[in-house]
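# Per-entry structural report
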Amino acid sequence: MRLGLIGAVGLSEGLKSVFERERPPVAYQAVETLNASFPSGHALLATVFYLSLGTLVAQGLTRRREKAWVLGAAGLLALTVGLTRVYLGAHWLSDVLAGWCVGAAWAMSLWLAAWALERYGRHREARLARQAPPA
């Protein structure tokens, strides 16, 4: 998960440097801000973190209702972080929407990579088991 978050930070900072969008006027800001506004780094990172964490927890559960609850709670936490950025005047709503979208896309990329590696490992184990001499 650490590499996924490091990649998300790089993605956020890279996009901010490409777009260089101004933040809302200082008169509307309730928090101090440092860099460009688009996309919201808080929304992006919260989406990657909470959705990835929710997916890891849900994999250990057996009941569909519990899995749905965990994933729903993870999504709600990510949404809450983004909405607070708009409420505090640190971002425009479009910045937060972009952060959520990019974060969800990055999280999905991480899930697909993990799934592919797991599948590759299972196929490799099966192939090695077939090639092993009988004991």
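Structural notes, computed from the coordinates.

Calculation notes
Residues numbered from 1 in each chain as written. Predicted model: local features only at pLDDT ≥ 70, side-chain atom pairs only at ≥ 80, totals over all residues. Heavy atoms only, no water. Helix = DSSP H or I, 4+ residues; strand = E, 2+ residues; numbered from the N terminus. Contact = heavy atoms within 4.5 Å. Axes fitted to C-alpha atoms, helices over the stretch in contact; angles between N-to-C directions. Parallel < 35°, antiparallel > 145°, perpendicular 65-115°, else oblique. Left-handed = near helix turned anticlockwise from the far one by under 90°. Nonpolar A, V, L, I, M, F, W, Y, C, P; charged D, E, K, R; others polar. Expected span 1.5 Å × (residues − 1). Buried < 20%, exposed > 50% of the residue type's maximum accessible area, 1.4 Å probe, protein only. Salt bridge = Lys/Arg side-chain N within 4 Å of Asp/Glu carboxyl O. Polar contact = N/O pair within 3.5 Å; in protein donor to acceptor, adjacent residues only side chain to side chain. Phe/Tyr/Trp six-rings, centres within 6.5 Å; stacked < 30°, edge-to-face > 60°.

This paragraph deals with the environment of Ala 74. The topology assignment puts Ala 74 in helix α3 (residues 64-87). A C-alpha to C-alpha distance of 8.5 Å links Ala 74 and Ser 52, two positions 22 residues apart in sequence. In this structure Ala 74 touches Tyr 50, Leu 51 and Gly 54, once residues within four positions along its chain are discounted.

A word on the packing of helix α1 (residues 2-19) against helix α2 (residues 41-59). At a closest axis distance of 10 Å, the pairing of α1 and α2 adopts a crossing angle of 155 degrees. Judged on the interaxial angle alone, α2 and α1 are roughly antiparallel. Crossing handedness for the pair α1 and α2: right-handed. Of α2, the residues touching α1 (which contributes Gly 4, Leu 5, Ala 8, Val 9, Ser 12 and Lys 16) are Gly 41, Leu 44, Leu 45, Val 48 and Phe 49. Its residues placed into classes, the contact of α1 with α2 shows seven nonpolar, three polar and one charged.

This next bit is on helix α4 (residues 93-131). Each α-helix winds once per 3.6 residues, and so residues spaced three or four apart point in a common direction. The end-to-end C-alpha distance of α4 is 57 Å, a good match for the 57 Å that 39 residues give at a rise of 1.5 Å each. Among the residues of α4, those classed as buried are Asp 95, Val 96, Ala 98, Gly 99, Trp 100, Gly 103 and Ala 107.

Okay, α1 next. Given a rise of 1.5 Å per residue, 18 residues ought to cover 26 Å, and the 26 Å separating the end C-alpha atoms of α1 matches this to within 8%. As for α1, its buried residues are in contact with α2 and α4. Of the residues one or two after α1, Glu 20 is the one with positive phi, at around 45 degrees.

Once that is clear, we can look at the pattern of salt bridges. Inspection of the entire model under this criterion finds three salt bridges. Between Asp 95 and Arg 21 there is a salt bridge, and its shortest N-O distance comes to 3.0 Å. Of this pair, Asp 95 sits in helix α4 while Arg 21 sits in the loop between α1 and α2, and the two are 74 residues apart along the sequence. Here Arg 21 falls in the partly exposed class, since its relative accessible area comes to 31%. Arg 122 is the salt-bridge partner of Glu 118, the closest N and O atoms lying 3.8 Å from each other. Here Glu 118 pairs with Arg 122, and both are found in helix α4, just four residues apart, close to one helical turn.

A few words on the side chain of Arg 23. Relative to the helices and strands, Arg 23 is located in the loop between α1 and α2. In this structure the side chain of Arg 23 is engaged in a polar contact, spanning 2.6 Å, whose partner is the backbone oxygen of Ala 90. A polar atom in the side chain of Arg 23 sits 3.3 Å from the side chain of His 91. Filtering out sequence-adjacent residues up to four positions away, Arg 23 remains in contact with Lys 16, Gln 29, Thr 33, Asn 35, Ala 36, Ser 37, Arg 85, Ala 90, His 91 and Trp 92.

To continue, consider the environment of Leu 53. With respect to the element layout, Leu 53 can be found in helix α2. Measuring from C-alpha to C-alpha, the distance between Leu 53 and Leu 117 comes to 18 Å, with 64 residues separating the pair along the chain.

According to the stated counting rule, one finds two aromatic pairs in the structure shown. Ring plane angle 80 degrees and centroid distance 4.8 Å describe the contact between Phe 19 and Phe 38, whose orientation is recorded as edge-to-face. Here Phe 38 lies in the loop between α1 and α2 and Phe 19 lies in helix α1, a separation of 19 residues in the sequence. Looking at Phe 19, the relative accessible area reads 46%, which means it is partly exposed. The buried category is assigned to Phe 38, whose relative accessible area is 19%.

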